[in-house]
Number of protein chains: 4
Amino acid sequence: MPKTKTAPASAPSNKKVVLAYSGGLDTSVILHWLVAQGYDVVAYTADVGQEEDFAVAREKALALGAASFHRADCKEEFVTDFIFPAIRANAAYEGRYLLGTSLARPLIAKHQIALARRLGAPAVAHGATGKGNDQVRFELTYKVLMPDVRIIAPWKDPDFYERFPGRRELLAYAKKNRIPVKTTAAKPWSSDANLMHISYEAGELEDPARRPRDSMFQLTASPQEAPARETELQVEFKRGNAVRAHILGQERFYTRPYELMQFLNQVGGANGIGRVDMVEDRYVGLKSRGVYETPGGTMLMAAHRDLEGLTLDREVMHLRDMLMPRFAELAYNGYWYSPEMEFLRAAFDKAQEHVTGAVRLALYKGNIVITGRESPESLYDSAQSSMDEAGGFDPRDSEGFIRTNALRLINWSRRQRRG
Amino acid sequence: MPKTKTAPASAPSNKKVVLAYSGGLDTSVILHWLVAQGYDVVAYTADVGQEEDFAVAREKALALGAASFHRADCKEEFVTDFIFPAIRANAAYEGRYLLGTSLARPLIAKHQIALARRLGAPAVAHGATGKGNDQVRFELTYKVLMPDVRIIAPWKDPDFYERFPGRRELLAYAKKNRIPVKTTAAKPWSSDANLMHISYEAGELEDPARRPRDSMFQLTASPQEAPARETELQVEFKRGNAVRAHILGQERFYTRPYELMQFLNQVGGANGIGRVDMVEDRYVGLKSRGVYETPGGTMLMAAHRDLEGLTLDREVMHLRDMLMPRFAELAYNGYWYSPEMEFLRAAFDKAQEHVTGAVRLALYKGNIVITGRESPESLYDSAQSSMDEAGGFDPRDSEGFIRTNALRLINWSRRQRRG
Amino acid sequence: MPKTKTAPASAPSNKKVVLAYSGGLDTSVILHWLVAQGYDVVAYTADVGQEEDFAVAREKALALGAASFHRADCKEEFVTDFIFPAIRANAAYEGRYLLGTSLARPLIAKHQIALARRLGAPAVAHGATGKGNDQVRFELTYKVLMPDVRIIAPWKDPDFYERFPGRRELLAYAKKNRIPVKTTAAKPWSSDANLMHISYEAGELEDPARRPRDSMFQLTASPQEAPARETELQVEFKRGNAVRAHILGQERFYTRPYELMQFLNQVGGANGIGRVDMVEDRYVGLKSRGVYETPGGTMLMAAHRDLEGLTLDREVMHLRDMLMPRFAELAYNGYWYSPEMEFLRAAFDKAQEHVTGAVRLALYKGNIVITGRESPESLYDSAQSSMDEAGGFDPRDSEGFIRTNALRLINWSRRQRRG
Amino acid sequence: MPKTKTAPASAPSNKKVVLAYSGGLDTSVILHWLVAQGYDVVAYTADVGQEEDFAVAREKALALGAASFHRADCKEEFVTDFIFPAIRANAAYEGRYLLGTSLARPLIAKHQIALARRLGAPAVAHGATGKGNDQVRFELTYKVLMPDVRIIAPWKDPDFYERFPGRRELLAYAKKNRIPVKTTAAKPWSSDANLMHISYEAGELEDPARRPRDSMFQLTASPQEAPARETELQVEFKRGNAVRAHILGQERFYTRPYELMQFLNQVGGANGIGRVDMVEDRYVGLKSRGVYETPGGTMLMAAHRDLEGLTLDREVMHLRDMLMPRFAELAYNGYWYSPEMEFLRAAFDKAQEHVTGAVRLALYKGNIVITGRESPESLYDSAQSSMDEAGGFDPRDSEGFIRTNALRLINWSRRQRRG
């Protein structure tokens, strides 16, 4: 029975479990329920830039019966080891989703496992559901980093999910057990926030023909509300990583990864940058509708790709572009820590060695306009490509080039004709 | 000597040559020069939607000594057989360029060869330079469609290009030979227009750090100038092809491919849609800076990709996305007519069989916002993906799914640990 | 509980189930056990060329309590719709396994579902285990072809597998229930036979350092035992499919797909062709050791690939070669009937349009030596490629070709040097 | 005129040129002719294991007028930096050609450029023809390693090739100028030998329907002539590189790369291993017939691939297999030194980190039979994959795995049915 794998009944004598705890309704009920099942629950929250009041979360967790509360500050690591590699890869899942949640999950799970090891807990728990992607991202990471870990996933345990078939039962349980619930009306969608993005899904978003209400968005102004004049900034990269950003004409420079991302989010958000609305494919085989706002990430991606135009070899770029969908798929599906991701990253990192330089972006009501780029590592040579000068290029070479390339096509064409 | 391949001296007794003639300075000088070399020049212009006065072009060609002038109306074919296949492929070269010129060249060359065959001309000529991509697109198409054709490319013939090292010499020749030249001040860039786009390159654009002047753009308003309120429209697709478009609330429907594209260009252009500025890789090995405005194409691509989210199988989409860069590269490099393109198109067309449905787009100052999509061929099932109902999905299946997928990773992880 | 999905207890009132029945120990016990659980069992066997006595199987099935026995003759279809497409793709899983079992499973499942539909059975059953690939191949095919089918897989039902933890318990049950078991000593491996191959795994083969005993092989002589002189034959292809084969100097021609395969198996087997021994990756995440003998398939693959050298365009071949591993993976993993396979096959079939011609093979003690090939669709032109004549090729064209291709590399090299 | 690019007339005042000199007819005539044109010719020969008498070559070169003769010993480097990386990649061009010549050319060119730099020579020369692949491999390497080098390629210089349209004129020139020519009857093919292989093409091989005469082969016995009993050996790898080999039962171990390759060639050649006969695609767009004998390389490839079965992660292997054709294509086309090759190699090398272990091979009359493999880095777990024990695998997990994977297919299937 799967029951034996998740149910508390069979818990070993060491009843310690590290729960990924957000402070929201689901994980609060789960925390309380685990305690009621006899678990020794360590509430764990990762700070991935989600702008949350961790003191409140701590207090609530302890009130619900957690043995302790731990907060891991993962903000800087999130940028350097997750967001930046994704930007270096130009990674967009199914062409559009910049992977904000997908990137955070393995990091959260990594620190959760580290905590479990530190505290000697044989088990970890999460509040992700059985239909979603996050369960996979959490659990594959758990298994890679601690192969023998026991995973408690109440939303896949009939003892739990049959008791709580819907939100109503969760609220009733909360009420009965004095679990404080934010008094704000429940929003008809669920969301996930971190330094890279806020994502929205479920609830009224489940109708893909329906436009999301504008009030849903939290990180970005709508293009309509954004300022009526351009904001121009410059982002500088070294080996594919953003190392400095500033607004042109201003003297404040942002160089530390976390503050640089925050700065881009703030200025991008104010200018209406980075909303995406799409139907996407979940790893479990379902299609799902997601809405995202990723201001800083969108700007970084635009700037990075543009700089690659100047500095990346053509064939390397085309090979990488062919493999990018696989990189994005692996990140999306939860394979951040996997041999195949290491394989791809070895090549992708090699490609970035010269992606160094500066790109200027003008932001205006949702638009990112590239206004200039330059690089000490440029492969562009204006004399060479100029239509007005020879630049060392002999036009007759093109004749041989074309004739040689045509040979194969001519042989094929002649066969077609005689066929 | 290459000379023997291009120079008029060795022309056969049939001196008829079909010249791709635009009416501009270069091809006018070329026309006159070919006539002076003893050629029997047929001036040929393809109408690919470039909004030109063909009567003026005809008159000028005949005045310059052309034996005749032929205009091929390729507008509808351009949309159905070139633009639509590219949209179906979501084709963007190096992530951004929607291939406007790349798509038109093989079509222009195809009709040029048809004309050469009809008129019994053994030769064709074009005015593309030896550093660019267009020479390849023209010449590979010529060779595939008429393997024995003789190609005259004056910009690769030293007799020509040594005589005309720059614009100044062309203008002097024009003046001396009474070739009318548009009196407007020469623009410091060159451009190419068709129904899909206008491209700009060269001249002052050769500095990639320099933003193009706003006055350069002809098809699109700048986002700043665009209307201050949204225009919402709906585009309907059948098997990946746009078959109907209209502005919501208006009764005018556009269904014929050419007028549909014109409509999208007009409404997209008015709303500041589709400008791209990039450094790209030419096939001859140079990097080059290009600026594009592709209003309708950009909208079609956005709508098409969105509809794929609803209707395309995940694995098919991911495979296609992996191959898309190759499709774009082949189109860009001039291999529209090639066995490898046929190979890719067989698969890509298979993929589009169910990409049928409607997408709504709100345009606003450069933004395309997807506001809804629906399809009779949808693979999305809201009950199935809903977070609020089971929808036939057993959450415990996910346990087996994840555990099975984790097995390989666990084995790998254990080896890493013992290593 | 998984029990509710597989256990007979919850069987609907229509208790009819079509069991893929081989006549061996496992499926005989399963048949008997299903009957004991109150099922109305239809015993079904597909003839995929496995050289079995179907009359004996029928008799045994009926004796065990089957309501009826059905044999589907799938031999010709196996060749034309499964083996030939795999050969056309040059499909080899992990470089070596020619997919014999992988190809047969979807075909067997297809006819099993057809029978279930015909007989109004709501359920199908198979005897594949929970660790192997065949369960996936069967079940994915079942689900695609009859999405609502109920699948009974005793080896994944604790009621069954806890009762029969090993071969000993199966034999005891057989004895007790008078199920006839072949009196031959159990071989220390399991095998699967069809027209394409015999595969061996498990038992003593589970030690990858141990060489299989020579007596294990049934389809092929060892190279040592094979005749001491060459047998030369010719295989002719049309659009990638073998259409005729004969031994040179003999007048007997084999043209029907099934007899052609039989002929190749016979002559190849006699000459020691087609043994493979490898460790491979199962879809469920395990590595497994497999040994195969595929005489005819190996010869067809060698001949087909050779003919492609003469007739297939280079770029098409290279693209296809890049995608072949995916084709093989899909076939191996059970995705024969899937949209992504249709996507690939559309392209692969396009590629084969001109793979027509004849290849001569000399067989000798395990070797396949290509001794000649010719084709009316050849892209090879001996004059063109000759080192002794110009053949229309201007050597100076190569200069332009190389110089143009070098341009990009020179730019890259110069950057490396200044870096 | 191309003439200005290759012709001696325009040679700069520094008339020193390093000629890749083989001692054969072509490069001997070229050497003499270059001297006659006023060049200061340095004869250069790379020892890549081709078993040549370099003293004879030196004497001949000096007699022909060379200013000096230089021999570079590249044997060890050839194995470690060229052959081994190709084996690690399982690289086979168009499925069969193990790239023997392709691998040697960039190495030869590298040392030629190093010599040119050392001697202050502004030019290098080679004797490759304008139709072949070697010209590209030489010249791209020259350009990458010394972008400003002047390349003299007489077979693409009309002054040379119009004077020597065929072998007859070369022989006449040799006779007239007392250039010694081997008195053996000219063989009706040309060949290229190095430690990896001997290749044969041209002459009577230009008829792809004709089997090569057995007397052509020099490195390998025919299977018929090979010993009538097996020779069994073991090859050990570390990180994908062969580090030790020996014949089972013998005490002689081969560990240095060069002697290890020699040993494998000797024992493989004696046992008839590694002949290939194919029609392949040259980079210049022609198809060409090539015959190869690669005894040691074929054995290494077989052993390496087999060890990967035991030690390489599935997804890494499948990704690498997808990219292998590109690696082979790049090597074949002359892009050994290129950014795209560096990109691929970064990933490929990552993949090899655990390809460590031993493989046993039995050689018998052309056959390589894998007789066992073992590794301290094995990912194979016999308990886990055993059909006889659970090995930690819960069969019910497969149910969830299959059902989850089936979900997408069911949705697709249902759409097909309603369509």
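**Description of the overall build of chain A**
And step 1. Scanning chain A for helices and strands turns up 14 helices and 13 strands.
And step 2. Taken along its principal axes, the extent of the C-alpha atoms in chain A is 85 × 60 × 45 Å.
And step 3. Buried positions account for 67% of the 419 residues belonging to chain A.
And step 4. Across chain A, every contact between residues at least 6 apart in sequence was considered, and the portion connecting residues at least 24 apart equals 70%.
And step 5. A total accessible area of about 14200 Å² is found for chain A, and carbon and sulfur atoms account for 49% of it.
And step 6. Placing the 56 positive and 53 negative side-chain charges of chain A at their respective mean positions leaves the two points 6 Å apart.

**Some points on the relation of the copies chain C and chain D**
And step 1. When chain C is fitted onto chain D, the two copies agree to an RMSD of 0.0 Å after a turn of 180 degrees and an axial shift of 0.0 Å. Taken together, the rotation angle and the small translation identify this as a two-fold axis. Ranked by how close their C-alpha atoms come to the rotation axis, the residues of chain C are headed by Met 322 of chain C, at 2.4 Å.

**Structural notes on unusual backbone geometry**
And step 1. Phi is positive for Glu 51 of chain D, close to 55 degrees, though the residue is something other than glycine.
And step 2. For Glu 51 of chain D, a relative accessible area of 69% puts it in the exposed group.

**Let's talk about the packing of aromatic side chains**
And step 1. Enumeration over the complete set of coordinates arrives at 66 aromatic pairs over all chains.
And step 2. Considering the side-chain rings of Tyr 254 of chain C and Phe 263 of chain C, the 4.0 Å spacing of their centres and the 5 degrees angle between planes classify their relative orientation as stacked. Each member of the pair, Tyr 254 of chain C as well as Phe 263 of chain C, carries the same accessibility label: buried.
And step 3. Lying across the ring of Tyr 332 of chain B, Arg 137 of chain B places its NZ or CZ 4.8 Å from the centre.

**Points about the interface of chain C and chain D**
And step 1. Of the residues lining the interface, 111 residues belong to chain C; the matching set on chain D comes to 112 residues.
And step 2. For the chain C and chain D pair, buried surface summed over both sides reaches about 9700 Å², with 56% attributable to carbon and sulfur atoms.
And step 3. Put simply, chain C and chain D have 10 salt bridges between them.
And step 4. Residues Asp 306 of chain D and Arg 96 of chain C are paired through a salt bridge, measuring 3.0 Å at the closest nitrogen-oxygen approach.
And step 5. Seen at the junction of chain C and chain D, the total is 57 residue pairs in polar contact (both at pLDDT 80 or more).
And step 6. For the side of chain C that touches chain D, the leading source of residues is helix H14 (residues 395–418) of chain C, giving 16 residues.
And step 7. A class-by-class count of the residues in the side of chain C that touches chain D yields 46 nonpolar, 25 polar and 40 charged.

**Examining the nonpolar core**
And step 1. Counting 404 residues, the largest nonpolar core has Phe 78 of chain A, Phe 78 of chain B, Phe 78 of chain C together with Phe 78 of chain D as the members making the most contacts within it.
And step 2. If near-sequence neighbours (up to four positions away) are discounted, Phe 78 of chain C is found in contact with Val 48, Ile 83, Gly 100, Leu 103, Ala 104, Leu 107, Asn 194, Leu 195 and Met 196 of chain C.

**A few points about the sheet that holds strand S1 (residues 16–20) of chain C**
Residues and elements named next belong to chain C.
And step 1. Ordered by their spatial adjacency, five strands build an open sheet running S3-S2-S1-S4-S5, and the pairing between neighbours is parallel. Two strands close off the open sheet at either side, each with one partner strand: strand S3 (68–73) and strand S5 (150–152). Strand-to-strand, the axes of this sheet are offset by a mean angle of 25 degrees, without reference to chain direction.
And step 2. Pairing of S1 with strand S4 (residues 123–125) involves three bridges; the strand directions are parallel. The partner of Val 17 across the bridge, within S4, is Ala 123.
And step 3. Helix-sheet contacts for helix H2 (residues 25–36) involve S1, strand S2 (40–47), S4 and S5, and the interaxial angle to S1 is about 170 degrees.

**Quick look at the relation of the copies chain D and chain A**
And step 1. When chain D is fitted onto chain A, the two copies agree to an RMSD of 0.0 Å after a turn of 180 degrees and an axial shift of 0.0 Å.
And step 2. Of the interface residues in chain D, 100% have counterparts in chain A that sit at the interface too, so the contact is made through matching surfaces.

**Section: the pairing of strand S9 (residues 241–247) of chain D**
Residue and element names in this part refer to chain D.
And step 1. Pairing of strand S8 (residues 231–238) with S9, which is carried by six bridges, proceeds in the antiparallel orientation. Residue pairing for S9: Glu 236 is matched across the bridge by Arg 244.
And step 2. Counted along the chain from S8 to the antiparallel partner S9, the turn is two residues long, and its residue Arg 239 has a positive phi close to 50 degrees.

**With respect to the sheet that holds strand S7 (residues 198–201) of chain B**
All names here are of chain B.
And step 1. Judged by pairing direction, the sheet is antiparallel, and its four strands sit side by side in the order S6-S7-S11-S10 without closing on themselves. At either margin of the open sheet sits one strand with a lone partner, and together these are strand S6 (190–193) and strand S10 (275–281). Each neighbouring strand pair of the sheet contributes to a mean axis angle of 25 degrees, computed without reference to strand direction.
And step 2. Bridge count for S7 against strand S11 (residues 287–293) is four bridges, and the pairing is antiparallel. Bridging across to S11, Ile 198 finds its partner in Glu 293.

**Describing the domain arrangement of chain A**
Residue and element names in this part refer to chain A.
And step 1. Segmentation of chain A into domains returns domain 1 (16–182) and domain 2 (198–373).
And step 2. The distance between the C-alpha centroids of domain 1 and domain 2 comes to 25 Å.
And step 3. Contacts between domain 1 and domain 2 engage 39 residues on the former and 45 residues on the latter.
And step 4. Each partner contributes to the roughly 3700 Å² buried at the junction of domain 1 and domain 2, and carbon and sulfur atoms together form 65% of this total.
And step 5. Interface area lost by domain 1 to domain 2 is led by Arg 88, Asn 90 and Tyr 93, which between them contribute 20%.
And step 6. Linking domain 1 to domain 2 there are two salt bridges.
And step 7. Ionic pairing is found between Asp 349 and Arg 88, a salt bridge with its closest N-O pair at 3.2 Å.
And step 8. Linking domain 1 with domain 2 are 14 residue pairs in polar contact (both at pLDDT 80 or more), by the criterion used here.
And step 9. At 12 residues, helix H4 (residues 75–88) tops the list of elements feeding residues into the side of domain 1 that touches domain 2.
And step 10. Within the side of domain 1 that touches domain 2, the residues separate by chemical class into 20 nonpolar, nine polar and 10 charged.

**Side note on the interface of chain D and chain A**
And step 1. Every contact between the two is made by 30 residues of chain D and, on the other side, 31 residues of chain A.
And step 2. Around 2600 Å² of area is buried between chain D and chain A when both sides are counted, 68% of it from carbon and sulfur atoms.
And step 3. When the buried surface of chain D facing chain A is broken down by residue, Leu 319, Phe 343 and Lys 350 of chain D rank first, second and third, together holding 25% of it.
And step 4. Between chain D and chain A we count four salt bridges in total.
And step 5. Here Lys 350 of chain D makes a salt bridge to Glu 342 of chain A, at a shortest N to O gap of 3.8 Å.
And step 6. Counting the contacts that link chain D with chain A gives two residue pairs in polar contact (both at pLDDT 80 or more).
And step 7. Looking at the side of chain D that touches chain A, the elements with two or more residues in it are helix H11 (314–333), helix H12 (339–351) and helix H14 (395–418) of chain D.
And step 8. By residue number, the principal contributor to the side of chain D that touches chain A is H12 of chain D, which donates 10 residues.
And step 9. Residue classes in the side of chain D that touches chain A are distributed as 15 nonpolar, three polar and 12 charged.

**A look at the pattern of salt bridges**
And step 1. Considering all chains together, one arrives at 144 salt bridges over all chains under this definition.
And step 2. Salt-bridge contacts for Asp 73 of chain A lead to Lys 75 of chain A; the nearest nitrogen and oxygen are separated by 3.2 Å.
And step 3. Among the residues examined, Lys 75 of chain A registers a relative accessible area of 13% and is labelled buried.
And step 4. Its salt-bridge partner being Glu 236 of chain D, residue Arg 244 of chain D comes within 3.2 Å of it at the nearest N-O pair.
And step 5. Taking the relative accessible area as the measure of exposure, Glu 236 of chain D reaches 16% and is therefore buried.
And step 6. Several salt bridges converge on common partners, so that one network encompasses Arg 96, Asp 277 and Arg 289 of chain A together with Asp 306 and Arg 373 of chain B.

**Points about the side chain of Arg 320 of chain A**
And step 1. Looking at the element boundaries, Arg 320 of chain A is found in helix H11 (residues 314–333).
And step 2. In this view, Arg 320 of chain A contacts Arg 88, Ala 89, Asn 90, Glu 308, Leu 312, Phe 348 and Gln 352 of chain A together with Phe 343 of chain D; residues no more than four positions away in its chain are not counted.

**Brief notes about the pairing of strand S2 (residues 40–47) of chain A**
Residues and elements named next belong to chain A.
And step 1. Here S2 lies mainly inside the structure; seven of its eight residues are buried.
And step 2. At this point the chain moves from strand S1 (residues 16–20), through helix H2 (residues 25–36), to the parallel S2, and the crossover so formed is right-handed.
And step 3. In this structure, S2 lies alongside strand S3 (residues 68–73), joined through six bridges in parallel fashion. Counted as the bridge partner of Ala 43 is Phe 69 from S3.
And step 4. Note on the crossover from S2 through helix H3 (residues 54–63) to S3: the handedness is right-handed.

**Section: the side chain of Asn 133 of chain C**
And step 1. The topology assignment puts Asn 133 of chain C in the loop between S4 and helix H6 (134–145).
And step 2. A distance of 2.7 Å separates polar atoms of two side chains, one belonging to Asn 133 of chain C and the other to Tyr 332 of chain C.

Cut-offs used in this document
- Residues numbered from 1 in each chain as written.
- Chains lettered and ligands numbered in written order.
- Predicted model: local features only at pLDDT ≥ 70, side-chain atom pairs only at ≥ 80, totals over all residues.
- Heavy atoms only, no water.
- Helix = DSSP H or I, 4+ residues; strand = E, 2+ residues; numbered from the N terminus.
- Buried < 20%, exposed > 50% of the residue type's maximum accessible area, 1.4 Å probe, protein only.
- Contact = heavy atoms within 4.5 Å.
- Areas by Shrake-Rupley, 256 points an atom, 1.4 Å probe, with all protein chains shown as cover.
- Lys, Arg positive; Asp, Glu negative; His and termini not counted.
- Charge placed at Lys NZ, Arg CZ, Asp CG, Glu CD.
- Least-squares fit on C-alpha atoms with pLDDT ≥ 70 in both.
- Phe/Tyr/Trp six-rings, centres within 6.5 Å; stacked < 30°, edge-to-face > 60°.
- Lys NZ or Arg CZ within 6 Å of the ring centre and 35° of its normal.
- Buried area = accessible area lost by both parts, 1.4 Å probe.
- Salt bridge = Lys/Arg side-chain N within 4 Å of Asp/Glu carboxyl O.
- Polar contact = N/O pair within 3.5 Å; in protein donor to acceptor, adjacent residues only side chain to side chain.
- Nonpolar A, V, L, I, M, F, W, Y, C, P; charged D, E, K, R; others polar.
- Core = buried A, V, L, I, M, F, W, Y, C linked by side-chain atoms within 4.5 Å.
- Pairing = 2+ DSSP bridges.
- Axes fitted to C-alpha atoms, helices over the stretch in contact; angles between N-to-C directions.
- Domains from an automatic or database assignment.
- Right-handed = clockwise from strand over helix to strand, strands pointing away.

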